[in-house]
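Here's the letter readout for the chains.
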Amino acid sequence: MKLDSKIPAGPLAEKWTNYKASQKLVNPANKRKLDIIVVGTGLAGASAAASLGAMGFNVDIFCIQDSPRRAHSIAAQGGINAAKNYQNDGDSVERLFRDTIKGGDYRAREANVYRLAEVSGAIIDQCVAQGVPFARDYGGLLDNRSFGGAQVSRTFYAKGQTGQQLLLGAYGVLSREIARGTVKLHTRCEMMDLVVVEGRARGIIVRNLVTGDLERYAAHAVVLATGGYGNLYYLSTNAMNSNGSAAWVCHRKGAAFANPCYVQIHPTCIPVHGDYQSKLTLMSESLRNDGRIWVPKKKEDAEAIRAGKLKPTEIPEENRDYYLERRYPAFGNLVPRDVASRAAKERCDAGYGVGTGYAVYLDFADAIQRLGKDVVEQKYGNLFQMYQKITDENPYETPMMIYPAIHYTMGGLWVDYELQTTIPGLFAAGEANFSDHGANRLGASALMQGLADGYFVLPYTMQNYLADQIYVGKISSTTPEFDKAEVAVRERLNKLTTIGGDKTVDHFHKALGKIMWEYCGMARNTESLNKAKKLVSQLEDEFWKSVFIPGNANEMNPELEKAYRLEDYFELAQLVIDDAMHREESCGGHFRTEHQTEDGETLRDDEHFMYVAAWEYQGHGQPETMEKEPLVYEHIQVSHEVHITYLASGERPSQGPFRDLSFGRHLARLFFP
Amino acid sequence: MLDILNEQLVNDHIAHPVCFDNDCREGICGMCGLYINGRPHGNDDGITTCQLHMRKFHDGDDIWIEPWRAKPFPVIRDLVVDRSAFDKIIQAGGYISTTTGGVPDANTIPIPKHKADMAMDAASCIGCGACVAACKNASAMLFVGAKVSHLALLPQGQIEAADRVHKMVCKMDELGFGSCTNTYACEAECPKLIKRQNISRLNRQWIGALFGRDRK
């Protein structure tokens, strides 16, 4: 495997312009002759399919839900970044680029990130033209807010439902293309395998989730926009059906998988409350703009709260520890996500947690006093309502409780500058690829990346690939490669349905999630990773012996769906662990307890690890081989200081938050008694 | 609750687990939709099925769960229904025709804040189908009204407004959704609290389209 990132020559700011000027194009008469498959209807998939369809290509789009509008992009709350500088507060393409590289802890590719920042403004134009009802100020112009980690207000938002509105915008244009006949929609279909013919991606095998039938689709190119693999951890903010299997089958077929250990933990989720919980609900991080995070200053107060003897509103101001404001006066409650997450964990670890002991307060009393209840309600009304519905507590009267949870996966299929994987003809977009966020993603950048890939990158770069493909004619789905792939899928499904054990799939998924959260979660070390590896192998063996899947493969069978997704998670878990093990440094969402500063912050090793780790599949149970793509920073100067600097007045924590992992074990017990 | 039921059914090898649609579990994807004790999304206001907590029931209560009942939403299996009719209504015109690129700067047309906010309220529809299930006529007027209102309230949506309302209403009728008799069960059951004023606006748009000259 040879990695060629295909970064165009020239100064950073001109790369994309140069690329577009010199790339190959397909003329309109030939576009009709080319077929494209898009898997996934989230922001990246829907926007790519709509754009490609409008250009004249024949597009087939697939989703596992009953409608393209259900993809999990819909749940994104906070907003979308764009370097519009409408607020005149010093934003620019260059600054968004720098913030993204820095936020990713210098582990992302300069050229990709610059392009992302460059097209960000056009995304907002596009969305407004589609009728996305972004928030506006009284003069009728677009409003912005600042968002986790940013010092400028560049985030556009639509109440707390930005993802929903952007997705409905993309769904609208997609619907238009479906009506025009350029895009064919296939709902309740799951991609089971990628078909590779003579080294190129030429089609997919899908399972019709209603009938269980296997179907074949052939095309000149395949776009994978199937999101991330956060559900590996069982409890995450992902939807129940979000899964990593489509990306994983591509990995099995030869697509390299990059940086799997970069997993983002979101600091503002509603804390775990019981054993039967199936997922965690995210509260938009925009809440940190006006909410203040605190825990009691005195341990006895925290204990009294946990025992239900004291109410948070009864604790006087001087006995509250606003630990983020204390430790990071420059950023206050808006520190980056990983810092906020670890700081919350540190406080709870030290015994100051509230609720079940694994929660901190997010308090709006000040904001309500300063802005008035009406303004707060206007800004966050639906989030407050959601919180109240879930917890039965009124956040206007008592502080909210929050805690970190698995949220986003920066790792994904390795792609070059054109978003093409190591399999020619297979492209990956959105969260499914690894390209733009480095080791950690900034708030409100996921929506930006998904739409940038789909609206403004793939429609160009795919043409460069497809220009040659006009000579190959229609791709047939009756070739031996398709036969072989379909037989393999059938055998795999039969194997699962005939195990005949006595335990449910969820039993194993919960156990896998527990292992990963405990030993390969917010903090990892050699010992914990070794343990995780062993436990995952044992669990997988047990799975193959004793899982029970009712029914058969030729019917609607949600248990079977869960089973084959979990089967892939076992392999993926091993890779996440291997990647975490090999990366002997801490950066962004990857925190190795052996590599931390005295203050318990991430400690990078740029000399040895400034590269992308791209893994190649070697067969089930075999260790994967790793190829390095060095990251060269020509434009930006790599900062060696820890990316949050303490100011002199800030009191420093006496001890790093991750001296040991016992806290993870306590927490895991809470999830899975 | 259904997760637990299914886990027991599988564990005890009693029966095939009950199929039901669900996904985001935070009330935004619109995938879940069950008739619980005679009400779409159960006995609480402004929530979806996945947000209905067991604390809303008493120990020992009987719980009746049914799929959406509406002709345009045929049952696929158990509690799963086919809501692709909604997609077809949107495909008939529930969008603003744009192609990627070539659009003006986002701040070119200012939009009064209250209009943008009203559009946002209408646009928060999640397409779950509770309005149709709640309606004795299985009318989709609230769903269509929400989309028509969202786009008609924005200047960008004005250009195709007349054509849009005509096509969407015709498609709705064609797919077998019933007529609106102004009972407003839809509004009462909408998990996103979408207001019936959107139906009035739909009717106004429809009348305007009938007599206006804008339509093709």
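Let us look at the structure shown here. Once a new chain begins, its residue numbering starts again from 1 and follows that chain's sequence as written. Following the order in which they are written, the chains are lettered starting with A and the ligands numbered starting with 1. Selection of residues for local features in this predicted model requires a pLDDT of at least 70, selection of side-chain atom pairs for listing and counting requires 80 or more, and totals for whole chains, interfaces and linings are taken over all residues. Calculation of side-chain values draws on the structure's entire complement of heavy atoms; hydrogens and water are dropped beforehand.

## Remarks on the pairing of strand 15 (residues 400-409) of chain A
Residue and element names in this part refer to chain A. The following threshold applies: Three exposure classes are used, based on accessible area relative to the maximum for each residue type with a 1.4 Å probe and protein chains only: buried under 20%, partly exposed in between, and exposed over 50%. Every helix listed is a DSSP run of H or I at least four residues long, and every strand listed is a run of E at least two residues long, numbered separately from the N terminus. The criterion for strand pairing is that DSSP finds at least two bridges linking the strands in question.
The buried count for strand 15 comes to 10 of 10 residues, which makes it a mostly enclosed element. Of the pairings in the sheet, the one linking strand 11 (residues 263-269) to strand 15 comprises 5 bridges and is antiparallel in character. Of the residues in strand 15, the one forming a bridge with I265 is I406. In this structure, strand 14 (residues 360-363) lies alongside strand 15, joined through 3 bridges in antiparallel fashion. Bridged to V360 within strand 15 is I402.

## Observations regarding the packing of helix 5 (residues 141-152) of chain B against helix 7 (residues 161-174) of chain B
All names here are of chain B. To be explicit about the condition: Comment: axis = line fitted to C-alpha atoms, over the contacting stretch for helices; angle = value between 0 and 180 degrees taken between N-to-C directions. Working rule for angles: under 35 degrees goes down as roughly parallel, over 145 as roughly antiparallel, 65 to 115 as roughly perpendicular, anything else as oblique. Rotating anticlockwise by less than a right angle from the far helix to the near helix defines a left-handed crossing, while the corresponding clockwise rotation defines a right-handed one. A contact between two residues is defined here by any heavy atoms of the two lying within 4.5 Å. In this classification, Asp, Glu, Lys and Arg are treated as charged, Ala, Val, Leu, Ile, Met, Phe, Trp, Tyr, Cys and Pro as nonpolar, and every other residue, Gly included, as polar.
At their nearest, the axes of helix 5 and helix 7 sit 11 Å apart, and the two run at 165° to each other. Considering their axes alone, helix 5 and helix 7 lie roughly antiparallel with respect to each other. The handedness of the crossing between helix 5 and helix 7 comes out as right-handed. From helix 5, M141, V144, K147, V148, L151 and A152 reach across to helix 7, where they touch R164, V165, M168 and M172. Tallied by class, residues from the contact of helix 5 with helix 7 come to 8 nonpolar, no polar and 2 charged.

## Regarding the side chain of A:N208
All names here are of chain A. Selection criterion: Polar contact is the term for a pair of N or O atoms within 3.5 Å; when the atoms are in protein, one must be able to donate a hydrogen and the other to accept it, and sequence-neighboring residues count only if both atoms are side-chain atoms.
Residue placement: N208 occurs in strand 7 (residues 200-208). The exposure class assigned to N208 is buried, which follows from its relative accessible area of 16%. A polar contact of 3.3 Å, which involves the side chain of N208, links it to the side chain of E215. Ignoring anything within four residues of it in the chain, the contact list for N208 reads R188, C189, D213 and E215.

## Some points on the sheet that holds strand 12 (residues 292-296) of chain A
All names here are of chain A. If you trace the 5 strands from one edge of the open sheet to the other, you get 11-15-14-12-13, paired in antiparallel fashion. Looking at the sheet topology across the chains shown, the edges are occupied by strand 11 and strand 13 (320-321). In terms of strand pairing, strand 12 meets strand 13 through 2 bridges, oriented antiparallel. In the sheet register, V295 faces strand 13, and the bridge partner there is D321. Across the sheet, helix 11 (residues 337-349) lies against strand 11, strand 12, strand 13, strand 14 and strand 15, angled at about 65° from strand 11, the strand it touches most.

The quantities given are spatial measurements derived from coordinates; they are silent on function.
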